[in-house]
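Residue-level listing of the chains:
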Amino acid sequence: MRFLGIDPGIAIVGFGFVDKIGSKVVPVQYGCIQTEAHTPEEERLLHVYEGMVQLIDKYKPDAVALEKLFFNRNVTTAMSVSQARGVMVLAAAQKGLPIAEYTPMQIKQAIVGYGKAEKRQVQEMVKMFLRLQAIPKPDDVADALAVAVCHAHSYTLNSKLNEVLRK
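Predicted model only: the values in this text are computed from it and were never measured.

(A) Broad picture of the overall build of the chain. Regarding its fold elements, the chain presents five helices and five strands. Going residue by residue from the N terminus, the α and β elements of the chain occur as β-β-β-α-β-α-β-α-α-α. Counting over 167 residues, the chain shows a buried share of 43%. Put simply, 61% of the contacts in the chain that link residues at least 6 apart link residues at least 24 apart. Only carbon and sulfur atoms are counted for the fraction: they give 54% of the accessible area of the chain, which is about 9300 Å².

(B) Representation of the UniProt feature "active site" (unreviewed entry) in the chain within the structure. What UniProt calls "active site" (unreviewed entry) maps, in this numbering, to Asp7, Glu67 and Asp140. In terms of the greatest pairwise C-alpha distance, the residues named above, spread along 134 residues, form a tight cluster of at most 10.7 Å across. If you take the residues mentioned a moment ago, the ones lining the second largest pocket come down to Glu67. Relative to the helices and strands, Glu67 resides in strand β4 (residues 63-67). On the accessibility criterion, Glu67 (16% relative accessible area) is buried. Non-local contacts of Glu67, meaning those with residues more than four positions away in its chain, are made with Ile6, Asp7, Pro8, Arg85, Tyr102, Pro104, Ile107, Asp143 and Val147. Structurally, Asp140 can be placed in helix α5 (residues 139-166). With residues up to four places along the chain from it excluded, the contact list for Asp140 reads Asp7, Ile12 and Gly14.

(C) Focus on the pairing of strand β3 (residues 24-34). The sheet contact formed by strand β2 (residues 12-21) and β3 spans ten bridges and is antiparallel. Within the sheet, the bridge partner assigned to Lys20 lies in β3 and is Val25. The antiparallel hairpin formed by β2 and β3 contains two residues in its connecting segment, where Gly22 sits at a positive phi of about 65°.

(D) Highlighting the UniProt feature "binding site: Mg(2+) 1" (unreviewed entry) in the chain. Under the feature "binding site: Mg(2+) 1" (unreviewed entry), the UniProt entry names Asp7 and Asp140. Checked against the element boundaries, Asp7 lands in strand β1 (residues 2-7). Those residues in contact with Asp7, other than ones at most four positions away along the chain, are Ile12, Val13, Gly14, Glu67, Asp140, Asp143 and Ala144.

(E) The arrangement of the pattern of salt bridges in detail. Scanning all chains against the criterion turns up six salt bridges. One salt bridge in this structure joins Glu124 and Arg120, with 3.0 Å as the shortest N-O distance. In this pair, Glu124 and Arg120 are both assigned in helix α4 (residues 119-129), four residues apart and thus about one turn of the helix distant. Look at Glu124 and you get partly exposed, because its relative accessible area is 30%.

How each quantity is defined
Residues numbered from 1 in each chain as written. Predicted model: local features only at pLDDT ≥ 70, side-chain atom pairs only at ≥ 80, totals over all residues. Heavy atoms only, no water. Helix = DSSP H or I, 4+ residues; strand = E, 2+ residues; numbered from the N terminus. Buried < 20%, exposed > 50% of the residue type's maximum accessible area, 1.4 Å probe, protein only. Contact = heavy atoms within 4.5 Å. Areas by Shrake-Rupley, 256 points an atom, 1.4 Å probe, with all protein chains shown as cover. UniProt positions renumbered as here; feature names shortened; annotations may be inferred. 1 Å grid on protein atoms, 1.4 Å probe; cavity = no way out; pocket = protein on both sides within 12 Å on 5 of 7 lines; lining within 4 Å. Pairing = 2+ DSSP bridges. Salt bridge = Lys/Arg side-chain N within 4 Å of Asp/Glu carboxyl O.

Here it is, written out as structure tokens:
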């Protein structure tokens with residue numbers, strides 16, 4: 001199965017595609033969609049949406065996972081990122097893809113085994129899990145790959161649990 005992990009943003013959207021082959025998780029493609037500062041917000045949202053649609057069409061994931069948003073200070077940033085996240089969800093929903101959300105703590109727990117792990121620890125584990133030469137940059141890309149790896153592992157478990165519960 002192929003999974004798309006997304007680290008939502010308005011300036012930088014991190015994305016990472018991984019394939020789950022047996023018990024292995026293998027990187028397929030990763031990077032970011034960037035928008036220019038001082039560009040009208042509607043243009044930035046359109047750019048994010050179109051970029052997400054192109055990625056989904058090209059790499060054909062079976063499922064999508066996003067990091068849940070958490071803001072404790074800047075309401076303006078929270079609104080912009082929430083709108084960007086909305087167009088990402090829309091792009092996936094239009095393609096009929098199942099969408100999952102994970103909190104930063106859930107992702108850290110899945111990747112490092114400790115929900116309060118430092119960002120650097122998560123990045124190192126992503127590099128190790130996916131056998132990458134270096135930690136992907138910018139940080140949003142490494143975060144997106146962490147979301148994808150988290151979902152790849154959780155998806156299998158959740159699918160089996162759902163099978164059992166349906167019986």
